[in-house]
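In case you want the letters, here they are:
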Amino acid sequence: MKFLGATIDTIVLGVPSSFFQKWVTDKYLAMIKEAISAVNGKSYQIEFHIAEEKPEAATEAKPEKEAKPSREKDKDKDRDKDKEKEKDKEKDKKELVPNLNPKYTFESFVSGPSNQFAYAASQAVANKPATNYNPLFIYGGVGLGKTHLVNAIGNHILAKNPKAKICYYSSEKFMNEMINSLRYKKMDEFRNKFRKMDLLLIDDIQFMAGKEATQEEFFHTFNALYESHKQIVVTSDKFPKDIPGLEERLRSRFEWGLIADIQPPGIETKVAILKKKSDMHAVNLPDDVALFLAEGANSNIRELEGMLIRLEAFASLTGQEITLSMAREVMKDIIVEKTRDITVEMIQKTVAEHFRIKVSELKSDKRIKTLVVPRQIAIYICRELTKASYPEIGEKFGGKDHSTIIHSVKKIEKQLAGDDEFKATVEDIRKKLFT
Ligand SMILES: Nc1ncnc2c1ncn2[C@@H]1O[C@H](COP(=O)(O)OP(=O)(O)OP(=O)(O)O)[C@@H](O)[C@H]1O
C-alpha cells in the first residue's frame, strides 16, 4: 500500500488489487483513519486507487483466435476506444490528486516580521492566482517555512476550487520523473501532465543547478504555463542570482515576478509557533517553557518542532505536566550545546550593560540596591546558563562565599515566581545573551 496524495479532506492510498483494498478496508480502515486524525488533528476520507491488475502489453499481445465478422470488429473497436477513454480518465484522476500536505495551511502558519512579506505574497497569489505575482519566488534558509507556504497556497486554491489542477513537486522529483520518462519514452506524457496544470509549485529549485537537461525541460514547462496565464510558485534556499549553475534564462524568468524572502524568526515568532503547534496537539505548553525552547533552538523551525515533540512525548509517556524543570532535564543534551559557550564573563558584561553599571561594580561588595539586584540577577543567570559551581561563581564575583551565591539564586527564584515585570527583565537579559 502506497501514499499517493491528499486533498484538503481526502487521503489517497494506492493498493495492488481490489482484494487487497477490501481486506484493508475490513481490517484496518478504522485504525488508519484514527491514526491519521491523531496525527493531523482532523479526520479524512480514505480513497483507494487500484493499480492495473493486468499489464497492458500482455492483453494487447494476445492473438485473436478467429477472425470476426466486420460488424463485430467495429463493436470491438468501439469497446476498445471506451476502455482507452476510461483508462485516460483514470490516469487523469490519479495525476490530478494534488500531492499537497493538508497540514500546511495559512491557518497553521504563524506570521511574524521575519516571514511577513512571503506570507502576504503567498496569500495574494492564493487569492488571485496568475494575476500580479507570477511567478512567485520564495527563498530562505533551511526549515523556515517555504514548503509550508507553497502548500498553503495550493490548499487554499483547492479549497476554493476542488477541481483546480495543482501539482506540488520538489525539483528532485521533477528531475527523477523526467529521467524515467526519457528512459521509457514517455516524454510527451510527462510534458502534458505539467502543462495542463493551473498551479505548479516547485520546491527547492536550487537542486536543479547544474542539471542542464532538467532546467531545459523546466524552462519549456515554465513558458507554456506562463503563456497560458497559469500560476507558478518556486522556492529556493537562495536568491535566484546566487544559485550557482542556474541558467541565465531561468534566472531572469524568476525575476519577472515577485521574489519574497523568509528570514530567520526572532524569539517572539518562535514562541508563537511553539504555542500554535502545542495548541494544535492539544498540549499545554507554559510560556516559560516555550521561551526556554525558543531561546535554545536555532532559527530552523523544524528543529524547534523536534524539541516540542520530544517534550510532548516525554510528558505523555510519564503522565506529567510540562514544566520548565522538566524541559531543562529533557533538553539537556540538546540545549546544553548552545549554552556551553556562554561564560560567566559574558553574563557579567551583558548584565552590567543592561543596568548601565560597571562590571567592577557588579563584582564589588557594595550593598546599594542599584548594584545588589543586578549582581544577584547575574549570579542567577550564571548558575542557570553555565556549568560553573557555586564556589566558582563566588570566585568570579570578587571572591564571594558560596553561601552568598546560593542566597542570591534563591532570592531571584522567589522574585521571579511572583513578579512578572521582574521576570521580563531577566528574560530580556537572557535574550541578549543568545543573540
Ligand atoms: N511560520 C511558521 N508557522 C508554523 N509552522 C512553521 C512556520 N515556519 C516553519 N514551520 C514549520 O517548520 C517545519 C519546516 O518548514 P518547511 O518544511 O516549510 O521549511 P523549508 O523552508 O521548506 O525547509 P527546507 O529548506 O528544508 O526545504 C514545518 O513543519 C513547518 O510547518
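Criteria and thresholds
Residues numbered from 1 in each chain as written. Predicted model: local features only at pLDDT ≥ 70, side-chain atom pairs only at ≥ 80, totals over all residues. Heavy atoms only, no water. Helix = DSSP H or I, 4+ residues; strand = E, 2+ residues; numbered from the N terminus. Buried < 20%, exposed > 50% of the residue type's maximum accessible area, 1.4 Å probe, protein only. Areas by Shrake-Rupley, 256 points an atom, 1.4 Å probe, with all protein chains shown as cover. Axes fitted to C-alpha atoms, helices over the stretch in contact; angles between N-to-C directions. Left-handed = near helix turned anticlockwise from the far one by under 90°. Contact = heavy atoms within 4.5 Å. Salt bridge = Lys/Arg side-chain N within 4 Å of Asp/Glu carboxyl O. UniProt positions renumbered as here; feature names shortened; annotations may be inferred. Expected span 1.5 Å × (residues − 1). Pairing = 2+ DSSP bridges. Near = heavy atom within 4 Å. Polar contact = N/O pair within 3.5 Å; in protein donor to acceptor, adjacent residues only side chain to side chain. Nonpolar A, V, L, I, M, F, W, Y, C, P; charged D, E, K, R; others polar. Parallel < 35°, antiparallel > 145°, perpendicular 65-115°, else oblique. Patch = residues over 30% accessible without salt bridge, like charges linked within 9 Å, V, L, I, M, F, W, Y side chains within 5 Å. Lys, Arg positive; Asp, Glu negative; His and termini not counted. Charge placed at Lys NZ, Arg CZ, Asp CG, Glu CD. Phe/Tyr/Trp six-rings, centres within 6.5 Å; stacked < 30°, edge-to-face > 60°.

### A closer look at the overall build of the chain
Counting secondary structure elements, the chain contains 20 helices and 8 strands. Taken over 435 residues, the chain has a buried fraction of 41%. Accessible area of the chain: about 24300 Å², with a carbon and sulfur share of 52%.

### Some remarks on the packing of helix α15 (residues 344-355) against helix α17 (residues 369-385)
Put simply, α15 and α17 touch, their axes get as near as 9 Å, and they point 145 degrees apart. Crossing of α15 over α17 shows right-handed handedness. Contact residues: V344, I347, V351 and F355 in α15; P374, I377, A378, I381, C382 and L385 in α17.

### Observations concerning the pattern of salt bridges
Under the definition given, this model contains 21 salt bridges. The residue K349 makes a salt bridge to E353 at a minimum N-O spacing of 3.3 Å. Placement of both K349 and E353 in helix α15 is noted, with a separation of 4 residues, approximately one turn of the helix. The partly exposed category is assigned to K349, whose relative accessible area is 48%. A residue is classified by how much of its surface remains accessible, and E353, at 52% relative accessible area, is exposed.

### A closer look at the UniProt feature "binding site: ATP" (unreviewed entry) in the chain
Mapped onto this numbering, the UniProt entry annotates "binding site: ATP" (unreviewed entry) at G143, G145, K146 and T147. Mapped onto the elements of the fold, G143 is located in the loop between β4 (136-140) and α5 (146-160). Residue classification places G143 among the buried residues on the basis of a relative accessible area of 12%. Residues within four places of G143 in sequence aside, it is in contact with N300, I301 and R302. Structurally, K146 can be placed in helix α5. Not counting residues up to four positions away in its chain, the partners in contact with K146 are I138, Y139, G140, G141, D204, T235, S236 and I262.

### A word on helix α8 (residues 212-227)
Helical geometry: 3.6 residues make up each α-helical turn, so side chains three or four residues apart lie on a common side. In this model, α8 (16 residues) spans 22 Å end to end at C-alpha, consistent with the 22 Å of a helix rising 1.5 Å per residue. Close packing links the buried residues of α8 with α6 (171-183), α7 (187-195), β6 (199-203), β7 (231-236) and α9 (248-254). Once α8 ends, the next one or two residues include H229, with phi positive near 55 degrees.

### Quick look at the sheet that holds β7
Pairing in this open sheet of 5 strands is parallel, and the strands run β5-β6-β7-β4-β8 from one edge to the other. If you trace the sheet from one side to the other, it starts and ends with β5 (166-170) and β8 (258-262), each paired once. For this sheet, the mean angle separating the axes of adjacent strands, direction not counted, is 15 degrees. By the bridge criterion, 5 bridges tie β4 to β8 in an arrangement that is parallel. Following the sheet pairing, F137 is matched in β8 by I259.

### Points about the site of the ligand
Around the ligand sit 19 residues in total, of which V110, K146, T147, H148 and E305 are the nearest. A distance of 2.7 Å separates an oxygen atom of the ligand from a polar atom in the side chain of H148. Those elements that provide at least two residues to the shell around the ligand are α5, α10 (267-280) and α12 (301-318). Residue classes in the shell around the ligand are distributed as 7 nonpolar, 7 polar and 5 charged.

### Quick look at the packing of helix α11 (residues 287-296) against helix α20 (residues 420-434)
Orientation of α11 relative to α20, taken along the N-to-C sense of each, is 20 degrees, at an axis distance of 10 Å. Regarding the angle of α11 to α20, the classification is roughly parallel. Every pair of crossing elements has a handedness; the one defined by α11 and α20 is right-handed. Of the residues in α20, those touching α11 at L291, F292 and E295 are E427, R430, K431 and F434.

### Details of α5
In this model, α5 (15 residues) spans 22 Å end to end at C-alpha, consistent with the 21 Å of a helix rising 1.5 Å per residue. Burial analysis of α5 places 11 of its 15 residues in the buried class, the great majority of the element. Of the residues making up α5, those classed as buried are K146, H148, L149, V150, N151, A152, I153, G154, N155, I157 and L158. As for α5, its buried residues are in contact with α4 (116-127), β4, β5, β6, β7 and β8.

### Describing a positive patch on the surface
A cluster of basic side chains, namely R367, K369, K411 and K414, defines a positive patch on the protein surface. Position of K369 relative to the elements: it lies in helix α17.

### Examining the environment of I322
Relative to the elements of secondary structure, I322 occurs in the loop between α12 and α13 (324-330). Exposure remark for I322: the relative accessible area of 5% places this residue in the buried category. Apart from residues no more than four positions distant in its own chain, I322 is found in contact with V283, N284, L285, P286, V289, L311, E312 and A315.

### Digging into the packing of aromatic side chains
Ring pairs (aromatic) are described by centroid distance and by the angle formed between their planes. All chains considered together, the criterion is met by 15 aromatic pairs. Judged by centre distance (6.4 Å) and plane angle (50 degrees), the ring pair of F218 and F254 falls under tilted. Of this pair, F218 sits in helix α8 while F254 is found in helix α9, placing the two residues 36 residues apart along the sequence. Note on F218: relative accessible area 0%, which makes it buried. In this structure F254 comes out as buried when scored by relative accessible area, which is 0%.

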